[in-house]
Structure formats: structure tokens, C-alpha cells
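Coordinate inspection notes
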Amino acid sequence: MLNPQIAIQKNVPWVKQRLGDSPDETAFFRWPLQRLLEITGYREVRIAPFDFLHPKTPVRLVNRLDAVGRFLETVPVISEFAGSLYIRAVK
């Protein structure tokens, strides 16, 4: 949810409609999600932000921009603006 595009897309109705927001997707802040998983009995909870590559990226730019995105995933604070989360937990 820290990703500005995701925050706008999830909270501004006309943007949501224009971009074709999927009702099957939602946005999370990872810290409350981690606490919720732990409270409900999950252990070894690991949540990591990833993916700076926008779905509408032109094919010719994907490899270069993906490399930049993978680098940004390793940068503290900046990584929090990624568009997706890897979620791993054991019940």
C-alpha cells in the first residue's frame, strides 16, 4: 500500500475503474499483516516487498527495468514502495 500508484488505484474510484482494478486483489501494509498472521497462530512469518516492474512496461524495456527493480528491492526504505509482497508463514 505504500506504492503511490497502488494506494491511488485502491482508493480513488474513477482511477480504480479506469485501470481495471481487480476485485480479487487487495493492498496491505506488511507490518499489520505480519502481526495479524502471528496473532492467528502463524509462526516463522516472513513478508518481503518485491516487484517494481509495472504491468504496462513496454516489452523492449522489461529486462533493463527489471534489473533496476531487483536492485531497489535490496535498498532499505525504498523497497517498501514495491508493488507486491512475498508472504511466507507456517501454521
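Since the structure is predicted, the reported quantities are computational estimates derived from the model, not experimental observations.

Quick notes on the side chain of serine 79
Structurally, the position occupied by serine 79 is in the loop between α4 (62-72) and β2 (84-90). A relative accessible area of 8% means that serine 79 is categorised as buried. With residues near it in sequence (within four places) discarded, serine 79 still touches Pro49, Phe52, Leu72 and Glu73.

Quick word on a nonpolar patch on the surface
On the surface, Leu2, Phe29, Trp31, Val77 and Phe81 cluster together to form a nonpolar patch covering roughly 460 Å² of accessible area. On the secondary structure map, phenylalanine 81 appears in the loop between α4 and β2. A relative accessible area of 34% places phenylalanine 81 in the partly exposed class.

Considering the packing of aromatic side chains
Evaluated as defined, the whole model comprises 1 aromatic pair. When the ring centre of tyrosine 42 is taken as origin, the NZ or CZ atom of lysine 91, which lies over that ring, is 4.7 Å away.

With respect to unusual backbone geometry
Phi angles above zero are rare outside glycine, and aspartate 51 is one such case at about 80°. As for its placement among the helices and strands, aspartate 51 is situated in the loop between β1 (43-50) and α4. The residue valine 77 is not glycine, and still its phi comes out positive at about 70°. The residue valine 77 is located in the loop between α4 and β2 in this model.

Regarding the pattern of salt bridges
For the coordinates displayed, the defined rule picks out 4 salt bridges. Between arginine 30 and glutamate 80 there is a salt bridge, and its shortest N-O distance comes to 2.5 Å. With arginine 30 in helix α3 (residues 30-39) and glutamate 80 in the loop between α4 and β2, this residue pair connects regions lying 50 residues apart in the sequence. Between glutamate 44 and arginine 43 there is a salt bridge; the shortest N-O distance is 3.0 Å. The class of glutamate 44 is partly exposed, set by a relative accessible area of 41%.

Here is what the cut-offs are and how they apply
- Residues numbered from 1 in each chain as written.
- Predicted model: local features only at pLDDT ≥ 70, side-chain atom pairs only at ≥ 80, totals over all residues.
- Heavy atoms only, no water.
- Helix = DSSP H or I, 4+ residues; strand = E, 2+ residues; numbered from the N terminus.
- Buried < 20%, exposed > 50% of the residue type's maximum accessible area, 1.4 Å probe, protein only.
- Contact = heavy atoms within 4.5 Å.
- Patch = residues over 30% accessible without salt bridge, like charges linked within 9 Å, V, L, I, M, F, W, Y side chains within 5 Å.
- Areas by Shrake-Rupley, 256 points an atom, 1.4 Å probe, with all protein chains shown as cover.
- Salt bridge = Lys/Arg side-chain N within 4 Å of Asp/Glu carboxyl O.
- Phe/Tyr/Trp six-rings, centres within 6.5 Å; stacked < 30°, edge-to-face > 60°.
- Lys NZ or Arg CZ within 6 Å of the ring centre and 35° of its normal.

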